Amino acid sequence: MSRLAVPKTYKLYIGGKFPRSESGRTYEVATAKGAFLANAAKASRKDARDAVVAARAAVAGWTGATGYNRGQVLYRIAELLEGRHAQFAGEIASSEGISLAAAAREVDAAIDVWVWYAGWADKYVQVAGNGNPVSGPYFNLSTPEPTGVVAIVAPQASSLLGLVSVIAPAVVTGNTVVVVASETAPLSAISLAEVLATSDVPGGVINILTGSPAEIAPWLASHADVNALDLAGAERLDWVDLQISAADTLKRVLTPVTGVPAPSLDRIVAFTETKTVWHTKSLI
Amino acid sequence: MTLVNPVVLAPAARAIQMLGGDLTETSLRLHLEGLSGVDAVGLEERAAALGTRSIKTASKAWALDKIIELIDLTTLEGADTPGKVRSLVAKAMTPDPGDMTTPRVAAVCVYGDMVPYAVDALGAAHSRGTGNGINIAAVATAFPSGRASLRVKLADTADAVAAGADEIDMVIDRGAFLSGRYGQVFDDIVAVKEACRRENGTYAHLKVILETGELNTYDNVRRASWLAILAGGDFIKTSTGKVAPAATLPVTLLMLQVVRDWHHLTGERIGVKPAGGIRTSKDAIKYLVTVAETAGEEWLTPSLFRFGASSLLNDVLLQRQKIRTGHYSGPDYVTVD
């Protein structure tokens, strides 16, 4: 007897919860060959607004955690990803139209990238910070600090590896993110949300929206409570306009990348601000 | 903004007109317990339905300004200082320094001992009963519990009025009300109303806080609303903000129904003030809809409807900025409370 197919209806991930889109809209996700795969929520500007509110609320706790603690939390996610390896591989294979073996390699790469970034949590300050030479009886120290809420347009072609490569560098320093996932292949993003919901990441640190980046990105770019904008996956959007509206509120902006951004310390430091403090040496 | 001057009657006059000259605990009880019961399911359904009205942009812009005009900007913390009150007053006068078209709030609401600082900070912007400017509301009668002797409560009230408060927010004795001693609650309100009398014979506006979160049933809320009106309250107010649940939409709807019925019966308009727990513009707009569709749009004026709130104002300002600029604003663009 043939079984009845049970296609999933996916939702958004905002503030640690899985709400439907405020607009009530959904769209159909298809395989690379055009067969029906699932329904996904189509986020509206109000969902983006809610996600920013959730992300802002999570900043204090996540930034306040020690680097060591953040590293542990992120590393734990890598463990969970490993546990769901087969699910991710299956989703990538069907929605990106590549072989299961190639999809499995993508998942491996995504987990490796995650672990690589998790390791930086308690190290980036030492590498990117400085003890500055000054001509006085002072210590003068510059340290990078997270900038706050980062809005991200995830790479559109690589649904998991691309996503992980933009989320991890932003959250490792203590930023919180609102990420717009791949429009055509959002399944990995929502499965990642399911992983995050059962991990130790506080709700609101990573918020995932599915839907049209062209519709949502302008609202995030102009939002006054967003501190930085990563346009990694915005190659096909009118990203210069996004950059212009981001400039109104002095956001840090990373411009689009072709393919998947390679792991680098630069991506981590891009979403930090340097704080310089003076401290007297007189007590020595 | 105009404050309708309270009818200068002996404070118990309403009750005597309504219930007759032989006003006793028994006649009061018979009246209050003779009120019909509240259909709780129907009330909640109605409130939920009122919350689903679609508000279009132009109406929303109007509603946001209206909300600001109806706010009693409040600080009621044990940690309040004169400096905190001064910054509250500054915010009341200029809610959004980036947009001078923003209206001013109706009143600032502070503890009685902070009234002199508020008077000082308001200066010429203080209405002083002229109906033009910002009022000062003071909570009195051993707020928020109301657990003090009547003598202390009256002294508390008279003190705030003498210091320059235009409005007094009193709490009822919930213990007495819940044990059925309606006469005692009635006498307290009458006495406090009397203590609101200024030297020149006018009265400070009296808001009676029912603390609906402690009254347990909708029937009790309806009885307490009638009791407060009969005893001479100019406003009935839901809560102190110190007890959860504070203001809810169904409770406010019920109180508005009482006020509407009173108006039908006597032609007199009583004010309603939901306080506590209204933090977002979205919620506040639901209250405006409820007022307009229950008591009527003429209630949407500071002398008949107020929001007791502190964080609501910032949310309204953010929404105003969103409408003005076309993009979402953030907490960095409004003052910290």
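Rules used in this analysis
Residues numbered from 1 in each chain as written. Chains lettered and ligands numbered in written order. Predicted model: local features only at pLDDT ≥ 70, side-chain atom pairs only at ≥ 80, totals over all residues. Heavy atoms only, no water. Helix = DSSP H or I, 4+ residues; strand = E, 2+ residues; numbered from the N terminus. Buried < 20%, exposed > 50% of the residue type's maximum accessible area, 1.4 Å probe, protein only. Areas by Shrake-Rupley, 256 points an atom, 1.4 Å probe, with all protein chains shown as cover. Lys, Arg positive; Asp, Glu negative; His and termini not counted. Charge placed at Lys NZ, Arg CZ, Asp CG, Glu CD. Salt bridge = Lys/Arg side-chain N within 4 Å of Asp/Glu carboxyl O. Core = buried A, V, L, I, M, F, W, Y, C linked by side-chain atoms within 4.5 Å. Contact = heavy atoms within 4.5 Å. Polar contact = N/O pair within 3.5 Å; in protein donor to acceptor, adjacent residues only side chain to side chain. Phe/Tyr/Trp six-rings, centres within 6.5 Å; stacked < 30°, edge-to-face > 60°. Lys NZ or Arg CZ within 6 Å of the ring centre and 35° of its normal.

A. Spotlight on the overall build of chain A. In terms of regular secondary structure, chain A is built from 10 helices and 10 strands. Seen through its C-alpha atoms, chain A measures out along the principal axes to roughly 85 × 40 × 30 Å. The proportion of buried residues among the 284 residues of chain A is 50%. Surface accessibility of chain A: about 12500 Å² in total, with carbon and sulfur atoms responsible for 56%. Side-chain charges of chain A comprise 23 positive and 25 negative groups, with the mean position of each set lying 4 Å from the other.

B. Spotlight on unusual backbone geometry. Here the amide bond leading from Phe143 of chain B into Pro144 of chain B is cis, since omega sits at -5°, within 30 degrees of zero. Of note, Pro144 of chain B is situated in the loop between strand E3 (135–139) and helix H7 (150–163). A cis amide bond links Ala244 of chain B with the next residue in sequence, Pro245 of chain B, at an omega value of -5°. Along the polypeptide, Pro245 of chain B turns up in the loop between strand E6 (235–237) and helix H11 (249–266). Phi at Leu250 of chain A takes a positive value of approximately 55°, unusual for a residue other than glycine. Relative to the helices and strands, Leu250 of chain A is located in the loop between helix H9 (239–247) and strand E9 (252–254). Owing to a relative accessible area of 75%, Leu250 of chain A belongs among the exposed residues under this scheme. Here the phi dihedral of Ala142 of chain B falls at roughly 55°; this positive angle occurs in a residue that is not glycine.

C. Region of interest: the pattern of salt bridges. Throughout the structure, instances matching the rule amount to 35 salt bridges over all chains. Across the salt bridge formed by Lys275 of chain A and Glu145 of chain A, the nearest N and O atoms sit 3.1 Å from each other. Here Lys275 of chain A, found in strand E10 (residues 272–280), pairs with Glu145 of chain A, found in strand E4 (residues 138–146); they are 130 residues apart in sequence, far enough to count as distant. Exposure remark for Lys275 of chain A: the relative accessible area of 39% places this residue in the partly exposed category. In this structure, the salt-bridge partner of Lys193 of chain B is Asp234 of chain B, at a minimum N-O distance of 3.0 Å. Of this pair, Lys193 of chain B sits in helix H9 (residues 182–195) while Asp234 of chain B sits in the loop between helix H10 (218–230) and E6; the two residues are 41 residues apart in sequence, bridging distant segments of the chain. Neither Lys193 of chain B nor Asp234 of chain B differs from the other in exposure class; each is buried.

D. Spotlight on the nonpolar core. Ranked by internal contacts, the top residues of the largest apolar core, which has 97 residues, are Ile67, Ile168, Phe186, Ile189, Phe307 and Leu312 of chain B. For Ile189 of chain B, the residues in contact, after removing those within four places along its chain, are Met170, Ile172, Leu206, Val208, Ala228 and Ala231 of chain B. Counting 54 residues, the second largest nonpolar core, distinct from the first, contains Tyr13, Leu161, Val179 and Val195 of chain A.

E. View of the environment of Thr335 of chain B. Residue and element names in this part refer to chain B. Structurally, the position occupied by Thr335 is in the segment after helix H13 (312–325). Judged by relative accessible area, which is 36%, Thr335 ranks as partly exposed. Separated by 244 residues in sequence, Thr335 and Lys91 place their C-alpha atoms 8.0 Å apart. Leave out the neighbours within four places in its chain, and Thr335 touches Lys91 and Asn314. Side-chain polar atoms of Thr335 contact the side chain of Lys91, separated by 2.9 Å.

F. Examining the packing of aromatic side chains more closely. Scanning all chains against the criterion turns up 10 aromatic pairs over all chains. For the pair Phe177 of chain B and Tyr182 of chain B, a centre-to-centre distance of 5.2 Å together with 55° between the ring planes defines the contact as tilted. The exposure classification of Phe177 of chain B matches that of Tyr182 of chain B, with both residues buried. Ring geometry for Trp226 of chain B versus Trp262 of chain B: centroids 5.7 Å apart, planes at 75°, classification edge-to-face. Of this pair, Trp226 of chain B sits in helix H10 while Trp262 of chain B sits in helix H11; the two residues are 36 residues apart in sequence, bridging distant segments of the chain. Assessed through its relative accessible area of 8%, Trp226 of chain B is described here as buried. Residue class for Trp262 of chain B comes out buried when judged on its relative accessible area of 1%. One aromatic cluster in this structure is built from Trp116, Tyr117 and Trp120 of chain A. Residue placement shows Lys193 of chain B over the ring face of Tyr203 of chain B; its charged tip is 5.2 Å from the ring centre.

None of this, on its own, says anything about what the molecule does.
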